[in-house]
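# Observations on the three-dimensional arrangement
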Amino acid sequence: MVGSGTGGPQLPNESGEPDKPTGKPRVKSFSCTACGASVTLRYPGASMSVVCDSCHSVIDVTDENYTILTKYYAKTGAYKPIIPLGTRGKLKDRTWEVIGYIVRSDVKSSYSWEEFLLFNPYYGYRWLVQDHGHWNFVRTIKEKPDEIAGTSWAQLGEKRYKVFNRGQAEVTYVLGEFYWRVVVGSRVYATDYICPPEMLSYEKDDNEVVWSIAEYVQARVIADAFKITIPMQYAIGVGPNQPAPITQSWQTIKLWWMVFLAVLTCAQIALAGMCLNATAFQSNYPFTPNTKATDLTTQVFTLEKGSANVKIVFEAPVDNSWFYVGGELVNDTDGTSYPFEQTVEFYSGSDSDGYWSEGAKSSSLLISAVPAGKYYLNLDTESGDYKDLTPNSFTLTVQRDVTMYANYFLCLFFVSVMPAFVWMMSRQTEVSRWSNSDFSPYPSIPTVSSSSS
Amino acid sequence: MITLNCPSCGASVNFVSKASVFAVCSFCKSTLVRQDMDLSKVGTMSDLQDDLTPLQIGTTGMFGKEKFELAGRLKVAYADGFWNEWFTVFGNEKLGWLAEAQGFYALCFPAQCEVPSKETLRPGAYVELGPAGTFQVEDVHDVRCLFSEGELPLNAKQGRESTSVDLTGDDRKMATIEYATDLTRLFVGEYQDFDEFHFQNLRHIDGW
Amino acid sequence: MAQKIYIAWGILICALFLYNTARGAEFFGSTTGSKPTGGAAHYHK
């Protein structure tokens with residue numbers, strides 16, 4: 001049954017037992033064994049240790065002896081939890097109360113992070129972990145993931161997680177109450193595996209291995225849930241299991257990019273295969289070097305295929321001289337004109353570096369999408385720099401439906417611009433994510449001071 | 001349901017299950033042992049301090065498609081804490097136990113299978129439990145009965161000692177082996193989330 | 001969102017490629033002829 005929505009179900013007591021008192025939780029107070037100050041235990045039915053607010057000793061509350069677990073005098077207020085103890089907040093439709101606060105550090109690097117113990121009497125315990133401004137909602141699990149031996153992967157159900165860090169964590173500072181006997185300075189071996197937005201971790205001490213799953217939570221959500229009004233710590237870099245939409249986009253875009261490459265390539269091969277590559281007309285024409293001529297008209301020739309390109313090739317005996325053609329391709333039936341101009345030039349010589357040359361003895365131009373039909377060419381020619389003025393000749397070749405490559409490479413480029421950009425941004429994000437890991441798959445830039453081992 | 005009278009104070013003592021041999025009178029807290037229709041007092045149950053469970057005698061819930069009711073409770077303590085074992089009674093006379101600890105709830109049923117001896121079991125060890133499959137040992141605890149209430153299918157006197165071994169299997173399967181001086185018992189079952197039980201008639205918790 | 005834009009863009013490019021290449025047109029080449037202007041000298045036969 002759905003309850004009133006604050007903690008969990010709140011239903012009237014129907015058993016025959018005497019009425020239980022309602023209202024605020026029954027707290028228990030006692031004198032701190034170390035310093036005598038009054039210590040309040042908010043959940044005596046569940047907590048096993050509590051920290052004295054005055055002297056910061058950790059007290060065992062499982063029996064009335066109230067044995068000291070850690071006699072621990074730290075500066076009062078050395079750490080101030082951003083979510084005060086006792087605050088209740090609603091996360092994922094359930095109400096949680098912050099009952100404990102732990103600061104833990106990595107043994108090797110002394111880098112530390114905060115953990116808030118959350119409690120709900122119906123659902124048990126959860127943790128909120130804050131690290132570099134990144135927040136995670138953590139629950140202990142009973143299922144045992146499979147650490148795939150010899151690899152950096154662990155598997156739970158269908159998901160695979162990649163190892164991110166291994167190390168030893170030590171309890172540095174505590175406030176509030178806990179469901180085990182906390183000892184300041186106690187250590188566990190911990191390993192984290194990531195599969196954003198989740199992190200799969202285990203902690204191992206002499207007695208047991210405990211697995212947990214963390215889910216990344218935006219700092220905003222935490223601030224709203226617990227009504228935090230003071231500014232939260234700014235998130236630095238990319239959290240280990242912080243979801244990166246750009247990386248997810250890259251996966252999809254990469255797939256489609258390959259689809260488009262395949263489509264373009266197959267289309268190019270197919271269309272190229274269908275090209276006629278036919279010579280529609282070829283002829284030689286005389287010209288007098290270093291003069292102009294404006295009276296050349298070719299005979300009529302036929303261009304096949306509904307719509308295709310026309311390649312006109314000019315070959316001229318240029319040698320440190322040039323040959324220019326200005327003309328038009330004219331449709332004999334309707335007079336449509338396709339004007340063009342082309343220069344054939346070739347220069348060569350010898351200097352201190354040896355032989356050099358520039359240009360070629362033939363050059364061509366391409367006219368796009370010319371309809372089939374009967375055509376002829378009108379040509380104006382001109383040449384210059386000829387040393388030998390004896391009349392000469394040039395060759396004109398008209399080719400129909402030649403294979404084109406320019407479109408293919410141009411389209412390859414257009415279709416690759418966005419993927420390249422997205423890939424770069426994704427990689428930048430992932431490199432940043434893994435920069436805090438000892439298991440980064442990216443080559444690292446050595447730094448003078450390293451935050452991890 | 002059988003109703004008998006408490007030999008100490010005369011109050012009604014209900015037995016929902018034929019298998020129950022032990023009960024605690026809810027009014028005078030006498031611990032009673034049942035034989036057929038006879039009840040005899042064997043002691044008195046001292047009060048429980050600091051109880052924070054959301055469950056109570058009479059709470060009902062669902063396990064899969066079957067409905068059950070909590071008829072009794074056994075609270076056991078060990079070195080690092082405690083948990084509750086609730087005696088669950090199903091409609092078809094099936095009996096089970098609902099283990100409740102730190103927000104984890106598991107329902108298990110008695111099973112018959114060869115179990116290894118207590119000494120061989122250590123956290124991390126693998127155990128084959130017949131058709132139920134392979135399980136891994138989570139914990140081995142020496143436990144002591146701290147408190148009991150309602151009706152129970154075993155003599156749960158205060159201070160009764162045993163060794164309890166918790167195991168987890170694939171998916172959410174779990175198992176418990178209880179090694180007591182007089183007998184060894186095996187239970188196999190599953191973890192389930194609180195919401196999946198659809199509990200009704202829960203105990204009211206102050207402030208929640 | 002970015003994915004949708006890219007897919008639309010890619011389909012457009014492929015379509016343009018097929019359309020132009022099949023009819024023998026270069027993307028940035030001349031594709032249209034001009035009708036005879038009438039007045040210009042045309043030395044066809």
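What you see is a predicted model, and the numbers here were worked out from it, not measured in a lab. (Residues numbered from 1 in each chain as written. Chains lettered and ligands numbered in written order. Predicted model: local features only at pLDDT ≥ 70, side-chain atom pairs only at ≥ 80, totals over all residues.)

### Some details on helix 1 (residues 2-22) of chain C
For helix 1 of chain C, built from 21 residues, the straight-helix expectation of 30 Å at 1.5 Å per residue is met to within 8% by its first-to-last C-alpha distance of 30 Å. For helix 1 of chain C, the complete set of buried residues consists of Tyr6, Gly10, Ile13, Phe17, Asn20 and Thr21 of chain C. Viewed end-on, helix 1 of chain C has its buried residues packed into an arc of 110°, placing them on one side of the element. In helix 1 of chain C, those exposed residues whose orientation departs by more than 90 degrees from the buried face are Lys4, Ala8, Leu12, Ala15 and Tyr19 of chain C. Buried residues along helix 1 of chain C sit in contact with helix 2 (245-274) and helix 3 (406-434) of chain A. (Helix = DSSP H or I, 4+ residues; strand = E, 2+ residues; numbered from the N terminus. Expected span 1.5 Å × (residues − 1). Buried ≥ 20, exposed ≤ 12 C-beta atoms within 10 Å, placed from the backbone. Arc of directions from axis to C-beta. Contact = placed C-beta atoms within 7 Å.)

### Remarks on the interface of chain A and chain C
Each partner contributes residues to the interface: chain A has 35 residues there, and chain C has 28 residues. Elements represented by at least two residues in the side of chain A that touches chain C include exactly helix 2, strand 18 (292-297), strand 19 (301-315), strand 21 (337-351), strand 23 (362-384) and helix 3 of chain A. For the side of chain A that touches chain C, the element with the highest residue contribution is helix 2 of chain A, accounting for nine residues. Along the lines of polarity and charge, the residues of the side of chain A that touches chain C split into 22 nonpolar, eleven polar and two charged. (Nonpolar A, V, L, I, M, F, W, Y, C, P; charged D, E, K, R; others polar.)

### A closer look at the domain arrangement of chain A
The accessible area lost on association of the parts is a frequent measure of interface size. On domain assignment, one finds that chain A holds domain 1 (28-243), domain 2 (247-271 + 408-430) and domain 3 (276-402). Centre-to-centre separation of domain 2 of chain A and domain 3 of chain A, based on C-alpha positions: 39 Å. (Domains from an automatic or database assignment.)

### Looking at the confidence of the model for chain B
Per-residue pLDDT for chain B averages 90, and the proportion of residues at 70 or more is 100%. Reported confidence for the predicted complex is 0.92 by ipTM and 0.80 by pTM. (pLDDT = per-residue confidence, 0-100.)

### With respect to the packing of helix 3 of chain A against helix 1 of chain C
Running from amino to carboxyl end, helix 3 of chain A crosses helix 1 of chain C at an angle of 175°, the nearest separation of the two axes being 10 Å. With respect to each other, helix 3 of chain A and helix 1 of chain C are oriented roughly antiparallel. Residues Asn407, Cys411, Phe414, Val415, Met418 and Val422 of chain A of helix 3 of chain A pack against Ala2, Tyr6, Trp9, Gly10, Ile13, Phe17, Asn20 and Thr21 of chain C of helix 1 of chain C. Its residues assigned to classes, the contact of helix 3 of chain A with helix 1 of chain C comprises ten nonpolar, four polar and no charged. (Axes fitted to C-alpha atoms, helices over the stretch in contact; angles between N-to-C directions. Parallel < 35°, antiparallel > 145°, perpendicular 65-115°, else oblique.)

### A closer look at unusual backbone geometry
All names here are of chain A. Cis peptide bonds are those with omega within 30 degrees of zero, and the linkage from Pro196 to Pro197 qualifies with 10°. Relative to the assigned elements, Pro197 resides in the loop between strand 14 (187-195) and strand 15 (198-204). The phi angle at Tyr66 is positive, at roughly 50°, despite the residue not being glycine. Note on placement: Tyr66 falls in the loop between strand 4 (58-60) and strand 5 (68-70). Exposure remark for Tyr66: the 19 C-beta atoms within 10 Å place this residue in the partly exposed category. Located in the positive-phi region is His132, a residue other than glycine, with phi close to 55°. Inspection of the secondary structure assignment puts His132 in the loop between strand 9 (124-131) and strand 10 (134-141).

### A word on helix 2 of chain A
For helix 2 of chain A, which comprises 30 residues, the first-to-last C-alpha distance of 43 Å matches the rise-based estimate of 44 Å (1.5 Å per residue) to within 8%. For helix 2 of chain A, the set of buried residues is Trp250, Ile253, Trp257, Phe260, Leu264 and Gln268 of chain A.

### Quick notes on the nonpolar core
Proteins that are soluble and globular tend to have nonpolar side chains buried together. Counting 50 residues, the largest nonpolar core has Leu70, Leu98, Cys108, Leu167 and Ala175 of chain B as the members making the most contacts within it. Looking at which domains feed residues into this core, each of domain 1 (2-44) and domain 2 (60-197) of chain B supplies at least three. Among residues more than four places away in sequence, those in contact with Cys108 of chain B are Gly96, Trp97, Ala99, Met174, Ala175, Thr176, Phe187, Val188 and Gly189 of chain B. Counting residues in each nonpolar core, the second largest holds 49 residues, with Cys52, Leu69, Ile194 and Ile222 of chain A among its members. (Core = buried A, V, L, I, M, F, W, Y, C linked by C-beta atoms within 7 Å.)

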